[in-house]
Structure formats: structure tokens, C-alpha cells
Number of protein chains: 4
Amino acid sequence: MGGSRQQRRGDTRQRIQDVALELFAEQGYEKTSLREIAERLEVTKAALYYHFKTKEEILASLQEDLSRPMDELIEWGKGQPRTLETKQEILNRYSEALIGATPFFRFMHENQATVRELRTGEDFKDRMIRMLDLLREPEATMTDQVRCVSALFSMHAGMLALKDIEGDPEDKRKAILEVATELITQANTPKP
Amino acid sequence: MGGSRQQRRGDTRQRIQDVALELFAEQGYEKTSLREIAERLEVTKAALYYHFKTKEEILASLQEDLSRPMDELIEWGKGQPRTLETKQEILNRYSEALIGATPFFRFMHENQATVRELRTGEDFKDRMIRMLDLLREPEATMTDQVRCVSALFSMHAGMLALKDIEGDPEDKRKAILEVATELITQANTPKP
Amino acid sequence: MGGSRQQRRGDTRQRIQDVALELFAEQGYEKTSLREIAERLEVTKAALYYHFKTKEEILASLQEDLSRPMDELIEWGKGQPRTLETKQEILNRYSEALIGATPFFRFMHENQATVRELRTGEDFKDRMIRMLDLLREPEATMTDQVRCVSALFSMHAGMLALKDIEGDPEDKRKAILEVATELITQANTPKP
Amino acid sequence: MGGSRQQRRGDTRQRIQDVALELFAEQGYEKTSLREIAERLEVTKAALYYHFKTKEEILASLQEDLSRPMDELIEWGKGQPRTLETKQEILNRYSEALIGATPFFRFMHENQATVRELRTGEDFKDRMIRMLDLLREPEATMTDQVRCVSALFSMHAGMLALKDIEGDPEDKRKAILEVATELITQANTPKP
DNA sequence: GATGAATGAGTGTTCATTCAT
DNA sequence: GATGAATGAACACTCATTCAT
């Protein structure tokens with residue numbers, strides 16, 4: 001089933017990342033030991049050290065790979081006019097990015113305490129802040145700022161909370177996106 | 001600084017809880033060792049075990065103490081008519097409960113991966129589900145259901161994300177509550 | 001069931017011994033903690049220390065009480081003529097002593113490694129040697145000496161091994177005694 | 001004294017077993033800590049865990065190695081006719097197996113309480129029962145059954161009790177074997 | 001006659017990491 | 001491109017024991 005020993009040659013690095021992400025997301029970073037990762041891959045722990053200098057570096061490498069879509073989105077956003085349409089499109093694209101890397105975002109969300117003081121954590125937080133900066137207007141009322149925070153986090157929360165409930169993933173994504181869009185629209189509507 | 005050895009007598013249990021919550025919230029559950037807790041209190045690890053059977057039980061005791069307001073709120077909610085006004089009042093009360101136990105909620109949010117397979121985690125999840133059940137109508141559209149989830153989680157996210165930003169806590173609370181209330185109101189508005 | 005708190009007053013020492021013997025025999029000395037004993041008695045560990053200076057002393061006290069029959073038997077034996085009849089009678093009496101203190105002997109047998117370097121262990125071994133000295137003739141052939149050792153140990157082994165097998169305890173005791181008696185008789189029969 | 005660091009390479013597993021058996025037999029299983037074993041070998045505790053998953057597994061590995069002769073004997077016995085001669089030969093071979101693994105059997109005998117709830121203990125008990133089944137006739141009188149039990153246990157007891165007494169080991173073995181053989185012969189002699 | 005609170009020394013076990021081969 | 005063997009530091013937890021009250 002899936003991949004002979006021969007075929008595995010050369011893609012070990014990738015396989016480590018895959019297994020690590022799976023386990024990190026499932027059990028958390030701290031509770032996932034290198035022994036466990038190695039065992040699943042049927043290699044020795046020492047082999048992991050051939051490909052990565054430390055455990056933390058495995059996580060860092062995941063982050064580098066998986067947050068590229070987010071970086072691209074931020075980059076794109078910065079080049080656009082700060083209109084409501086742009087913001088709506090950002091949310092739209094974000095919801096797709098989220099789906100493409102669900103386990104990674106899940107991991108980031110559920111392991112904040114751990115990830116916070118890992119270099120890698122700062123980076124993620126930075127990205128979130130930059131995302132937020134694309135959405136909110138610094139001069140807006142606090143309520144409007146909260147709406148923006150809400151729009152962003154609702155997308156995470158939605159994906160995570162709705163995970164074990166009900167229907168079609170695409171329907172869910174759309175519903176979540178709809179609510180987030182409403183929030184951002186409201187936040188950008190001039191009040192009398 | 002604060003409290004002679006004499007005065008400390010008899011309140012060790014409480015002091016363990018305080019320090020534990022502080023460290024758990026700051027560094028996470030796994031990364032906080034009993035040695036660390038003990039050292040801060042200037043007692044031995046064994047002393048902790050006089051007061052709590054396991055590390056997990058320290059956490060459980062925190063939960064028991066700190067989620068009582070939430071339990072009371074759920075109980076109260078169950079006795080009320082399922083009107084929009086009730087739901088708004090639930091959110092209102094919830095925002096106050098949240099403030100009274102911020103570090104605990106922060107901990108719960110940032111350590112989900114860890115806490116998931118602990119009793120504590122399950123209990124917490126149960127409570128959240130029961131809270132949600134007070135707010136949402138099972139027959140509502142998915143979008144409305146998402147609005148309810150959003151209303152609830154936005155309160156958490158708001159508290160957590162706004163922590164290191166700007167102004168008066170009470171202003172923040174009100175802004176967050178306003179957004180959540182909007183969401184719940186929207187979710188309970190009949191659509192044409 | 002059996003004994004109000006009031007009635008228990010004053011016999012705590014005895015109750016500690018009873019529970020300790022039970023647990024020591026069941027799980028071994030090392031694996032039985034004072035906490036366990038205390039819990040079963042519904043007193044605190046510290047209470048045990050009111051009655052006994054150390055854990056070892058609990059064991060010592062048991063031994064003192066329970067090996068009195070053995071001491072008396074040895075004393076009696078020393079006053080008798082070294083005839084075959086005496087030896088047979090010693091075995092007979094020993095088999096009865098054994099039954100009266102089965103858990104204690106079981107404990108002694110199954111915890112030799114532990115008990116060996118406890119003061120109390122020396123004593124038990126001494127007693128066994130003195131028993132043996134009543135049965136064997138120093139000038140006898142090695143085979144006859146082995147018969148004596150066998151006679152003695154078969155009684156222990158028999159009681160322990162037959163525990164979870166078959167019928168009436170008194171029948172068992174008699175069968176064991178018969179074999180032991182045969183051995184001692186054989187050992188004391190002059191060879192051509 | 002015996003073996004440079006270089007030479008030690010590669011036989012650590014064996015050395016752990018040797019030292020463990022020695023200490024287990026000397027002080028008992030519970031009272032022998034992994035620290036002690038490690039110190040004697042001049043390695044760290046963690047090194048032990050490279051070779052064995054748990055403390056119990058060290059014991060299990062000893063048993064596997066040391067009770068192979070016993071297993072072979074049982075297997076051989078099952079293939080033979082149930083005659084007196086076979087039984088005598090079983091005892092004969094058993095006495096030799098016993099000598100080859102004296103410390104292990106001594107350990108098993110003196111740590112019964114501890115070992116009882118370990119896999120090792122159950123396996124050992126099974127083997128003893130199967131040995132016994134080769135020797136005894138289910139329809140025999142209880143006295144004859146006791147003779148069989150006695151024959152078996154006398155061999156153990158003999159080895160253990162005669163340890164610190166007198167002469168040539170081979171003489172002792174023969175004397176013990178003689179007594180055991182008598183018992184089994186007696187047990188298999190039809191009574192009038 | 002006993003408890004509440006604590007200690008010091010220890011246990012078995014796990015972890016990320018290293019390095020010669 | 002990987003392994004076998006090991007380490008050092010830590011961890012949660014348990015134990016027998018003490019002592020002021």
C-alpha cells in the first residue's frame with residue numbers, strides 16, 4: 001500500500017514533514033516525540049537529525065512551507081486599494097487558504113501556548129497582525145475594530161468548531177465566509 | 001514580599017492554585033513542571049502531592065472553581081424562555097463571567113491540543129456546547145448557526161486578541177459584546 | 001458491619017497488625033505502603049507512627065506474636081528425647097502451627113528476599129535452623145539430611161502449592177503430614 | 001578488572017542481564033533499582049532503556065533465556081510414555097537444569113510475592129504446573145499427589161537450603177535427586 | 001490517641017540530542 | 001543517507017518519616 005522502500009528514497013524529508021504535521025495537529029507539539037515520528041516512518045530517530053537540526057526546525061520548516069499562501073495573500077493585499085471589495089476578496093481568498101492547510105492552522109490555533117515562544121510562533125502572530133492591518137482602519141471605532149478581529153477569528157473558529165458537526169465542507173466554508181463578509185462590510189460602513 | 005511563613009500556613013492549597021494558573025497560562029500546561037510550581041512557592045514537590053493527587057487534578061480544581069459562573073449561567077439560561085432577549089442577556093452575562101476568569105479562559109484556548117484528552121478539556125467542551133445550545137436554533141440555516149458560533153467565539157477571541165492592544169478594558173468588553181449581540185440578533189431575525 | 005468507631009478505640013494497634021499482615025501476605029512487604037494500610041483503617045499515616053516506630057517494626061511485631069507457637073514447639077522439642085517418635089510429634093505439631101498462622105508463613109516464604117536483611121528475617125531463618133536441628137542427626141548421610149530438609153519444606157510448599165487446588169483443608173494437612181512423616185522416618189531408619 | 005571500554009561495546013545487553021540477575025537474586029527485584037544496575041555497569045539509566053523497554057522486561061528477558069531448558073524438558077516429557085522411568089528421568093534432567101540456572105530459581109523462589117503479578121511470575125507458575133502434570137496422576141490419592149509436589153519442590157528447597165551448608169555440589173545434587181526419586185517412585189507404586 | 005502539613009530521597013520512565021561508524 | 005548506542009536532564013509521582021498541634 002502506497003510506496004515501496006525504493007520509492008521512498010530521497011523523499012524522506014518530505015515524509016518527515018507529513019508525519020510530523022499529522023502528529024503535531026493530532027496530539028500537540030509537546031506530546032509528539034521524535035521517537036513517535038521516527039517509528040511511524042520506520043526509520044531511527046537519528047535519521048531525523050540528518051534532515052533537521054532540531055525538533056523545532058521541523059516545525060519551522062512546516063511553517064515556512066505552509067504559510068506561503070498566507071504571505072502571498074498579504075503581499076497581494078498590500079498592492080490593492082483599501083476598498084471594501086478588496087477586503088471581501090481577502091477574506092474569500094483566506095477561506096480558501098485555510099482549507100488548503102487545515103491541519104496546520106488547527107495546529108497553530110491549538111498550540112498557541114507552546115508555539116508562542118518558539119521563533120516560529122512570533123512569525124505566525126506577525127502574519128495575523130498584518131492580515132488584520134489589511135482589514136481594519138486604525139481610525140475606526142473600537143466596535144468596528146472588534147468586527148474585523150471577529151471576522152478573521154470567526155473563520156478559524158468556524159473551521160475548528162464545525163469540524164465534528166454536520167454537512168458538506170464547501171457549504172460550511174461558504175456560510176463562514178458569509179458571516180465574516182457581513183462583519184467586514186459592517187465595519188466598513190460609515191455610521192451616521 | 002507579601003506574607004510571612006506564618007501567614008502562609010493553611011492557605012497552601014490556594015497558593016498552589018494561584019501559581020499553577022499563572023504558570024499554566026503563561027507557559028502552557030506541559031511546559032510547566034511541578035518542580036517549577038513548587039519552587040515558586042518555596043515548598044517541595046511532595047507538598048503539592050499532599051494537596052493534589054496529580055498534576056491533572058490541580059488543573060481540574062482550577063476548572064471547578066473558575067467555571068462555576070459559567071455553570072450558573074447555563075443553569076439560569078435553561079430556565080428562561082428561548083427569546084432573543086434571553087440570548088442577549090446570556091451573552092451579556094457571559095462577557096462578565098469571562099472577565100472574572102480571563103487567565104483561565106486564555107489557558108483553555110491556548111492549550112486545546114493538550115487539554116483535549118484531559119477530563120478538564122472534555123468538561124470544558126461540554127459546557128461550550130451547552131452554551132451554544134442556548135443560543136442556536138437547531139432548525140436554523142447553517143449561516144445562522146455559524147453566526148451563533150461566531151458570537152460565542154468572538155467573545156473569547158476578542159478578549160485574547162485585544163489583550164495587548166489599546167484602551168480601557170470595560171470599553172473593550174462593551175465593544176465585543178456589541179458585536180456578539182449583533183450576530184445573535186441577526187441569527188434570530190426571520191429572513192424574508 | 002463489625003465494630004463501631006467507639007468500639008475501635010484502644011485496639012488500633014491490633015487492627016494495624018491485622019491489616020498489615022493481610023496486605024503484606026497479599027502483595028508483599030515492599031509493595032504495601034503505609035498509606036495503603038492507613039487508608040484501609042481509615043486513619044492517617046501519622047497514626048501508625050504513634051503505635052509503631054517504623055514500618056519494619058510493624059513486621060517485627062507480627063513476627064513476635066506469630067512465631068511464639070514455633071518457639072514453644074522448639075522449646076518443647078529440646079526437652080524431649082531425640083527419638084523418632086519425638087520427631088514425628090514435632091512435625092505433627094508443626095503442621096498445626098502452620099495452619100494457625102497461614103498468612104504469616106505464606107508471607108515469610110514469599111518475601112524471603114525482602115525479609116532476609118531485615119532483623120526479623122534472621123530470626124526466622126534461625127528458627128528454621130533450630131527446627132531442622134531437632135530433626136536431623138549431624139552424623140547422618142547427606143541423603144538423610146536432605147530428607148529432613150525435605151520433610152520440613154514440604155510442609156510449607158504443600159500448604160502454599162495446594163492452596164488453590166482441590167478439597168478439604170484437614171485432608172490436605174493430613175496428606176502433607178503423612179509424606180513428611182515418611183521422610184523423617186526414612187531418615188531415621190538405620191541402613192544396612 | 002576484566003574488559004576495557006572498547007571490548008564492552010556490543011555486549012551491553014548481555015551485561016545488563018548479568019548484573020540485573022545478580023542484583024535481583026541478591027537483594028530482590030523491588031529493592032534493586034535501575035540506578036544501581038546502571039552504576040555497576042558504568043552507564044546511565046537511560047542506556048538501560050535503550051536495550052529494554054521497562055524494568056520488568058529485563059526480568060522477562062532473563063526468564064526467556066533461563067527457562068528454555070525447562071521448556072525443552074517439558075516438551076521432551078510430553079513425548080514420552082507416562083512410565084515411572086520417564087518420571088525419574090524428568091527429575092534427573094530437572095536437577096541438572098536447576099543447577100544451570102540456580103540464581104534465577106533462587107530469585108523466583110524468594111520473590112514470589114513480587115513476581116506473582118508480573119507476567120514472568122505467571123509464566124513460571126504455568127511451567128511448574130506443566131511439570132507437575134508430567135509427574136502426577138490425576139486419579140491418584142491425595143497423599144500421592146502431595147508426594148509429587150514434594151518431589152518437585154524438594155529439589156528447589158534442597159538447592160536453596162543446602163546452599164550455605166557443607167560439601168560438594170554434585171554430591172548434594174545427587175542426594176536431593178535421590179530423595180525426589182524416592183518420592184516419585186513411592187507415588188507411582190500401586191498400594192495393596 | 002491522633003491529625004495536618006510537609007520533607008528528602010528516591011523511583012521508573014521519557015526526551016531531545018549527539019556521534020562514531 | 002542513515003543507524004546503533006548512548007547521554008544528561010528532566011519529569012510525574014511515591015515513600016517512609018517527622019513534628020507541631
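In this text the structure is predicted, and so the values were computed from the model without any measurement.

Examining the arrangement of the chains
Moving on, step 1. Structurally, chain B and chain C remain out of contact, their C-alpha atoms never closer than 12 Å.
Moving on, step 2. Spatially, chain B and chain D are disjoint, and the shortest separation between their C-alpha atoms is 21 Å.

Here we look at the packing of helix α2 (residues 12–27) of chain C against helix α5 (residues 55–66) of chain C
Residue and element names in this part refer to chain C.
Moving on, step 1. α5 packs onto α2 with a crossing angle of 95° between their chain directions and a minimal axis gap of 10 Å. Between α2 and α5, the crossing angle belongs to the class labelled roughly perpendicular. Here R13, I16, Q17, A20, L21 and F24 of α2 lie close against α5, whose contacting residues are K55, I58, L59, S61, L62, D65 and L66.

Comments concerning the environment of M159(B)
Residue and element names in this part refer to chain B.
Moving on, step 1. Relative to the assigned elements, M159 resides in helix α11 (residues 142–161).
Moving on, step 2. In sequence terms M159 and T102 are 57 residues apart; their C-alpha atoms lie 7.9 Å from each other.
Moving on, step 3. If we ignore the near neighbours within four places in the chain, the residues touching M159 are L98, T102 and I176.

Topic: the nonpolar core
Moving on, step 1. In this structure, Y94(A) and Y94(B) are the most contacted members of the largest nonpolar core, which totals 110 residues.
Moving on, step 2. Not counting chain neighbours up to four residues away, the residues in contact with Y94(A) comprise M70(A), L73(A), F105(A), M128(A), M131(A), L152(A), M155(A) and H156(A).
Moving on, step 3. The next biggest cluster of nonpolar side chains, apart from the first, holds 109 residues, and it includes L34(C), I37(C), L59(D) and I90(D).

Some remarks on helix α3 (residues 34–41) of chain A
Residues and elements named next belong to chain A.
Moving on, step 1. Listed as buried for α3 are L34, I37, A38 and L41. Down the axis of α3, the sector holding all buried residues measures 95°, keeping them to one side.
Moving on, step 2. Phi for E42, located one or two positions after α3, is positive at around 55°.

Description of the relation of the copies chain D and chain C
Moving on, step 1. Expressed as a screw transformation, the operator carrying chain D onto chain C has a rotation angle of 179° and an axial translation of 0.2 Å, and the superposed copies differ by an RMSD of 0.2 Å. When the rotation and shift are considered jointly, the pair of chain copies conforms to a two-fold rotation axis.
Moving on, step 2. Take the interface residues of chain D: 97% of them recur as interface residues in chain C, which is what a same-surface contact looks like.

Details of the protein's contact with DNA strand F
Moving on, step 1. In the vicinity of DNA strand F lie 33 residues, with T44(A), Y49(B), K55(C), Y50(D) and H51(D) positioned nearest.
Moving on, step 2. L34(C) is positioned with one of its backbone polar atoms (N or O) 2.9 Å from a phosphate oxygen of DNA strand F.
Moving on, step 3. Contact distances for DNA strand F include 2.7 Å between a phosphate oxygen and a side-chain N or O atom of H51(D).
Moving on, step 4. If you list the elements that add at least two residues to the surface near DNA strand F, you get α4 (45–51) of chain A, α3 (34–41) and α4 (45–51) of chain B, α3 (34–41) and α4 (45–51) of chain C together with α4 (45–51) of chain D.
Moving on, step 5. Examining the composition of the surface near DNA strand F, we find that five residues originate from one element, α4(A), more than from any other.
Moving on, step 6. The class makeup of the residues in the surface near DNA strand F is 14 nonpolar, twelve polar and seven charged.

How each quantity is defined
Residues numbered from 1 in each chain as written. Chains lettered and ligands numbered in written order. Predicted model: local features only at pLDDT ≥ 70, side-chain atom pairs only at ≥ 80, totals over all residues. Heavy atoms only, no water. Contact = heavy atoms within 4.5 Å. Axes fitted to C-alpha atoms, helices over the stretch in contact; angles between N-to-C directions. Helix = DSSP H or I, 4+ residues; strand = E, 2+ residues; numbered from the N terminus. Parallel < 35°, antiparallel > 145°, perpendicular 65-115°, else oblique. Core = buried A, V, L, I, M, F, W, Y, C linked by side-chain atoms within 4.5 Å. Buried < 20%, exposed > 50% of the residue type's maximum accessible area, 1.4 Å probe, protein only. Arc of directions from axis to C-beta. Least-squares fit on C-alpha atoms with pLDDT ≥ 70 in both. Near = heavy atom within 4 Å. Polar contact = N/O pair within 3.5 Å; in protein donor to acceptor, adjacent residues only side chain to side chain. Nonpolar A, V, L, I, M, F, W, Y, C, P; charged D, E, K, R; others polar.

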